[in-house]
Amino acid sequence: MRNIFRSLLPRSAARATSSGHASLSRPAALHQLAAVMFLVCAVVFFVPISLPYKVAYPAFVLFVGSWGLPRPLAFAFLFSALGDVGGAAGNFLLQMGFFGVAQACFAGYFARRLSRLSLWRKGRMGLAALPAVLMLGWMLPVLLPCVSPDFLRPGVTVYALLILLMMWLALQQESPWWALGALLFVASDTCLAWNKFVGPVMNARLWIMTTYYGALLLLYADSAFHRHEISPRPNAL
């Protein structure tokens, strides 16, 4: 778990400390602040106070704190926040559409890492595909027939393919925390879909939001830690 938050004290900070200057680099300080503010906003969501679209605050904080990270990641957090706004407004199509774009952004980032770092391995690709295929094999016959109204089914199918693609790519990364973040994202959306289309899930709000916020934090913190491995300058905010 320690490695996830090493982004908050990166190599640059270690070198500064050894030279007698213990100040964090500007991106590292921003990432640290964003992680703290994310946790604060996530707690605020569960506090029974009325704030407009407070469900979107954590993801929006991560978007603001994405300076120095590749653009696909920043846009993934932005579209996640917009998806939260759509959900809070009761517009499921808008929610699903924005989250679909977010999953495509995450998938693009993971695919680029695999390509740039030469991590494509046939064995790992096949092993990572197994949970995605199993989830798809369960969703199509069990969950999809319950989706109502019928015009939502194509959109739900496309979204399922996008999030499973993101999970498949995340499972091929060298960091287990990206994989865990992707799995939590899939768990959150599966619980949401089951609760909406199939039947009520006990404590659904708690399960959906804790897994979702956990996924966002893992994807953000581990991405900040790995930001030096692919130079963010050409594609960073």
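Predicted model only: the values in this text are computed from it and were never measured.

Now, about the overall build of the protein: what can you tell me, with residues and values included?
Helix and strand counts for the protein come out as 9 helices and 0 strands. Scanning the protein from its N terminus toward the C terminus, one meets helices and strands in the order α-α-α-α-α-α-α-α-α. Classification of the 237 residues of the protein by burial places 44% in the buried group. In the protein, 74% of the contacts between residues at least 6 apart in sequence involve partners at least 24 apart. Only carbon and sulfur atoms are counted for the fraction: they give 70% of the accessible area of the protein, which is about 11,700 Å².

Give a detailed account of the confidence of the model for the protein, specifying residues and quantitative values.
Chain-level pLDDT for the protein is 84 on average; 79% of the residues reach the 70-or-more range. Throughout residues 7-23 the model reports pLDDT below 50, and contacts reaching past four residues in sequence, or to other chains, amount to 22 contacts. Low confidence marks residues 230-236, where pLDDT is under 50. Its contacts with residues over four positions away, or in another chain, come to 18 contacts.

Explain a nonpolar patch on the surface to me, using residue names and the numbers behind them.
Residues L33, V36, M37 and V40 make up a contiguous nonpolar surface patch of roughly 330 Å² in combined accessible area. Within the secondary structure, V40 sits in helix α2 (residues 26-46).

Outline helix α7 (residues 153-171), listing residues and values.
A rise of 1.5 Å per residue sets the reference length of α7, with its 19 residues, at 27 Å; its end C-alpha atoms lie 27 Å apart and thus fit the reference within 8%. Along α7, the residues classified as buried are V156, Y159, A160, I163, L164, M166, M167, L169 and A170.

Break down the pattern of salt bridges for me, citing the residues and quoting the values.
One pass over the full model with this rule turns up 2 salt bridges. With a shortest N-O distance of 2.6 Å, R113 and E174 are connected by a salt bridge. Of the two residues, R113 sits in helix α5 (residues 92-116) while E174 sits in the loop between α7 and α8 (176-198), which places them 61 residues apart along the sequence. Taking relative accessible area as the criterion, E174 reaches 34% and is therefore assigned partly exposed. As a salt-bridge pair, D150 and R153 come within 3.3 Å of each other at their nearest N and O atoms.

Tell me about the packing of α7 against α8, and please be specific about residues and values.
The relative placement of two packed helices comes down to the angle between their axes together with the axis-to-axis distance. Where α7 meets α8, the axes come as close as 8 Å, and the angle between the chain directions of the two elements is 160°. Looking at the two axes, α7 sits roughly antiparallel to α8. In the packing of α7 onto α8, the handedness of the crossing is left-handed. On α8, the residues touching V156, Y159, I163, M166, M167, A170 and L171 of α7 are W178, A179, A182, L183, F185, V186, D189 and F197.

Describe the environment of A81, and please don't skip the residues or the numbers.
Tracing the backbone shows A81 in helix α4 (residues 71-88). Here the alpha-carbon distance between A81 and Q95, two residues 14 residues apart in the chain, equals 9.5 Å. When sequence neighbours within four positions are dropped, the list of residues in contact with A81 reads A56, A59 and F60.

Explain helix α3 (residues 57-64) residue by residue, including any values.
Looking only at α3, the buried set comprises P58, A59, V61 and L62. With its buried residues spanning 155° around the axis, α3 presents them on a single face.

Tell me about the packing of aromatic side chains, and please be specific about residues and values.
For the coordinates displayed, the defined rule picks out 17 aromatic pairs. Their ring planes at 85° and their centres at 5.9 Å tell us that F38 and Y213 sit as a pair that is edge-to-face. Pair noted here: F38 is in helix α2 and Y213 is in helix α9 (residues 204-225), with a separation of 175 residues, a long-range link. Across the pair, exposure class does not vary: F38 and Y213 are buried alike. Through a chain of ring-to-ring contacts, three or more aromatic side chains come together here, namely F38, F45, F46, F77, F99, F106, F185, Y212, Y213 and Y220. Over the ring of F92 we find K196, and its NZ or CZ is 4.8 Å from the ring centre.

How would you summarise the side chain of S223 if you had to cite specific residues and measurements?
By the secondary structure assignment, S223 is in helix α9. Residue S223 is classed as buried on the basis of its relative accessible area of 1%. Those residues in contact with S223 that sit more than four places away from it in its chain are L69, L73, Y109 and W178.

Summarise the nonpolar core; cite the residues concerned and give the values.
Within the largest apolar cluster, 56 residues are counted, with the highest numbers of intra-cluster contacts made by F106, F110, M166, F185, Y212, Y213 and L216. For Y212, the contacting residues outside a window of four places in its chain are A59, S80, D84, F99, F185 and S188.

Conventions and cut-offs
- Residues numbered from 1 in each chain as written.
- Predicted model: local features only at pLDDT ≥ 70, side-chain atom pairs only at ≥ 80, totals over all residues.
- Heavy atoms only, no water.
- Helix = DSSP H or I, 4+ residues; strand = E, 2+ residues; numbered from the N terminus.
- Buried < 20%, exposed > 50% of the residue type's maximum accessible area, 1.4 Å probe, protein only.
- Contact = heavy atoms within 4.5 Å.
- Areas by Shrake-Rupley, 256 points an atom, 1.4 Å probe, with all protein chains shown as cover.
- pLDDT = per-residue confidence, 0-100.
- Patch = residues over 30% accessible without salt bridge, like charges linked within 9 Å, V, L, I, M, F, W, Y side chains within 5 Å.
- Salt bridge = Lys/Arg side-chain N within 4 Å of Asp/Glu carboxyl O.
- Expected span 1.5 Å × (residues − 1).
- Axes fitted to C-alpha atoms, helices over the stretch in contact; angles between N-to-C directions.
- Parallel < 35°, antiparallel > 145°, perpendicular 65-115°, else oblique.
- Left-handed = near helix turned anticlockwise from the far one by under 90°.
- Arc of directions from axis to C-beta.
- Phe/Tyr/Trp six-rings, centres within 6.5 Å; stacked < 30°, edge-to-face > 60°.
- Lys NZ or Arg CZ within 6 Å of the ring centre and 35° of its normal.
- Core = buried A, V, L, I, M, F, W, Y, C linked by side-chain atoms within 4.5 Å.

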